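# Working through the structure, step by step
What follows is the residue order along each chain.
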Amino acid sequence: MSKTLVLKDERCLNHITRSGHPESPKRLEAIYEKLKDDDIRGKFSEIKPRVATKEEISLNHSMEYIEKIENTAGKHFINLDPDTNTSEGSWQASILAAGAVMTGIDKILDKSANNGFAIIRPPGHHAEMSRAMGFCLFNNIAIGARYLIENHGLKRILIVDWDIHHGNGTQNSFYNSPEVLYFSTHQFPYFPGTGRFEETGEKDGKGYTVNVPLSGGQGDGDFLRILREILQPVAEEYNPQFILVSAGYDTYQHDPLGTMNVTPEGFFLMTKFLKHLAEKQCDGRLLLSLEGGYHVEGIAESVKCTLRGLSDEETDISSDMESREEDRVSDSNIESTIEKVRKIHSENWLGLK
Ligand SMILES: [Zn+2]
């Protein structure tokens with residue numbers, strides 16, 4: 001059986017958002033409770049993450065900004081942007097969230113685990129170098145990618161971002177670099193406004209940002225087709241040494257902030273797809289980090305299905321995938337969306353020609 005690691009820490013509940021805010025500690029509480037279900041227990045091992053040091057966070061953020069967040073420790077609500085605030089416990093939660101990604105990376109690289117899931121908050125993919133944004137304080141996944149490059153000497157990291165929102169912070173961190181290939185599916189136009197087809201990277205990073213903007217309403221079959229028809233040929237050519245995933249669950253069918261149609265089984269199949277891809281490309285090295293997802297029961301069930309996918313031994317899901325794709329394509333225009341991405345990137349990736 002694949003050894004799957006869950007990185008979790010109750011202190012991530014101590015980042016408190018304002019009353020009625022969708023990114024509430026209840027999300028993580030529901031997931032942590034769900035991990036106790038009989039049919040999932042024993043399929044993974046749980047460990048507590050270490051905290052990230054300021055030097056490690058500074059791989060992706062300015063020291064001035066890091067100290068600004070550190071200075072919120074122990075203080076009541078401080079607003080950082082119209083929908084992002086800190087509370088007494090936010091600094092500690094945020095260094096644990098970034099630390100969880102690095103803990104997972106170390107465990108996977110030293111082979112004490114095959115894959116893992118950092119089930120933490122606050123989320124990260126909107127956070128910019130010197131700015132909190134969209135419920136995010138530090139960009140956990142971007143810090144993880146920098147850590148793989150700077151501390152472990154890796155040269156090719158694939159980040160897959162399936163959150164409904166575009167990960168502007170992550171894209172900006174690596175826009176000029178071929179060391180990270182950023183692949184994102186997201187609703188567009190939508191918050192934060194970035195992620196057009198034409199945003200493909202610049203300078204040495206040209207072609208290493210792949211955006212798949214979607215109109216809304218897409219379901220399991222659509223996402224699986226995008227992974228198979230766009231991500232797979234690009235990833236096979238890129239040949240990543242590690243796959244990181246910004247795992248957002250606001251594409252879940254009943255999410256209060258989203259309009260997508262992904263079911264918990266859809267997350268299981270997407271995870272299986274990425275697990276299989278990682279096994280073919282990079283010795284199975286795959287680490288997910290929690291981003292959005294605001295339907296409390298939906299996120300808990302979907303995370304559970306993701307963990308089933310990570311720990312599942314059976315890797316051949318081609319028949320499942322194809323039947324899922326046929327059954328569950330909700331978007332009659334998905335073909336033209338895929339064509340458009342292939343056309344824009346055909347000069348960057350032979351597999352898309
Ligand atoms: Zn989101």
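The structure contained in this document is the topic of the report that follows. (Residues numbered from 1 in each chain as written. Predicted model: local features only at pLDDT ≥ 70, side-chain atom pairs only at ≥ 80, totals over all residues.)

### Overview of the pairing of strand β1 (residues 4–7)
Put simply, the rule reads: Whether a residue is buried, exposed or partly exposed follows from its count of other C-beta atoms within 10 Å of its own C-beta, namely 20 or more, 12 or fewer, or something in between, respectively; the C-beta atoms are built from the backbone. A run of DSSP states H or I qualifies as a helix once it reaches four residues; a run of E qualifies as a strand once it reaches two. Both are numbered from the N-terminal end. Here the rule is simple: two strands pair whenever DSSP picks up at least two bridges between them. By convention a crossover is right-handed if, when the strands point away from the viewer, the path from the first strand over the helix to the second runs clockwise.
Burial along β1 is two-sided: the residues Thr4 and Val6 and Leu5 and Leu7 are all buried. Judged from the four bridges that link them, β1 and strand β5 (residues 115–118) form a sheet pairing that is parallel. Residue pairing across strands places Thr4 opposite Asn115, the latter belonging to β5. Sheet topology places β1 next to strand β2 (residues 45–47); three bridges connect them, and they run parallel. Bridge pairing in β2 places Leu5 opposite Ser45. The handedness of the β1 to β2 crossover, carried by helix α1 (residues 25–34), is right-handed.

### Structural notes on the packing of helix α4 (residues 90–109) against helix α5 (residues 140–150)
So the rule is basically this: Throughout, an axis means a line fitted to C-alpha atoms (over the contacting stretch in the case of helices), and angles, computed between N-to-C directions, take values from 0 to 180 degrees. Here the angle decides the label: under 35 degrees means roughly parallel, over 145 means roughly antiparallel, 65 to 115 means roughly perpendicular, and every other value means oblique. Crossing chirality is assigned from the near helix's rotation relative to the far helix, an anticlockwise turn below a right angle marking it left-handed and a clockwise turn marking it right-handed. Any residue pair is listed as a contact if its two C-beta atoms, each placed from the backbone, are within 7 Å. When residue character is reported, Ala, Val, Leu, Ile, Met, Phe, Trp, Tyr, Cys and Pro are called nonpolar, Asp, Glu, Lys and Arg charged, and the others, Gly included, polar.
It is the contact of α4 with α5, at a shortest axis distance of 9 Å, that shows an interaxial angle of 40°. Classified by the interaxial angle, the pair formed by α4 and α5 is oblique. For the pair α4 and α5, the crossing hand works out as right-handed. Residues Ala97, Ala98, Val101, Met102 and Ile105 of α4 touch α5, and the partners they reach there are Asn140, Ile141, Ile143, Gly144, Tyr147 and Leu148. Residue composition of the contact of α4 with α5, by class: nine nonpolar, two polar and no charged.

### Digging into the sheet that holds strand β9 (residues 242–247)
Two modes of strand pairing occur in sheets, parallel and antiparallel, and in both the strands are linked by backbone hydrogen bonds. Spatially, β2-β1-β5-β10-β9-β6-β7-β8 is the arrangement adopted by the eight strands of the open sheet, whose pairing is parallel. Both outer strands of the open sheet, β2 and β8 (209–214), are each paired with one neighbouring strand and no more. For this sheet, the mean angle separating the axes of adjacent strands, direction not counted, is 15°. Sitting on the sheet, helix α8 (residues 264–282) touches β5, β6 (157–161), β9 and β10 (286–290), and the angle it makes with β9 is about 160°.

### Structural notes on unusual backbone geometry
Residue Pro189 is bonded to the preceding Phe188 through a cis peptide linkage, with omega at -5°. Between Phe191 and Pro192 the backbone carries a cis peptide bond, its omega angle lying at 5°. The phi angle at Lys203 is positive, at roughly 50°, despite the residue not being glycine. Considering the arrangement of structural elements, one finds Lys203 in the loop between β7 (180–187) and β8. Under the C-beta neighbour-count criterion, Lys203 is labelled exposed, with 9 such atoms within 10 Å.

### Details of the nonpolar core
So the rule is basically this: Remark: nonpolar core denotes a set of buried Ala, Val, Leu, Ile, Met, Phe, Trp, Tyr and Cys residues whose joining runs through C-beta atoms within 7 Å.
If you look at the biggest cluster of nonpolar residues, it comprises 101 residues, and the most contacted ones within it are Ala118, Ile157, Ile159 and Ile243. At eleven residues, the largest contribution of residues to this core is made by α4. Sequence-distant contacts of Ile159, that is, excluding residues within four places in its chain, are made with Ile141, Ala145, Thr170, Val180, Tyr182, Phe183, Leu244 and Ser246.

### Side note on the packing of helix α7 (residues 220–238) against α8
Direction vectors running N to C along α7 and α8 enclose 10°, while the axes themselves pass 10 Å from each other. When the axis of α7 is compared with that of α8, the two are roughly parallel. Contacts between α7 and α8 pair Asp220, Phe223, Leu224, Leu227, Gln232 and Ala235 from the former with Glu265, Gly266, Leu269, Met270, Phe273, Leu277 and Gln281 from the latter. Residues of the contact of α7 with α8, tallied by class, amount to eight nonpolar, three polar and two charged.

### Section: α1
Selection criterion: In this context, the arc is that of the directions from the helix axis out to the C-beta atoms.
The set of residues buried in α1 consists of Arg27, Leu28 and Ile31. Here the buried residues of α1 occupy an arc of 90° about the axis, which is enough to place them on one side. Against α9 (296–311) lie the buried residues of α1.

### Some words on α7
Using the following cut-off: Take the number of residues in a helix, subtract one, and multiply by 1.5 Å to get its expected span. What we call the bend at a residue is the angle made by axes fitted to the seven residues finishing there and the seven residues starting there.
Spanning 19 residues, α7 covers 25 Å between terminal C-alpha atoms, matching the ideal 27 Å at 1.5 Å per step. Considering bend angle alone, the principal kink of α7 is centred on Leu231 and spans about 40°; proline Pro233 follows within four residues of it. Directly after α7, the chain includes Asn239, whose backbone phi takes a positive value near 60°.

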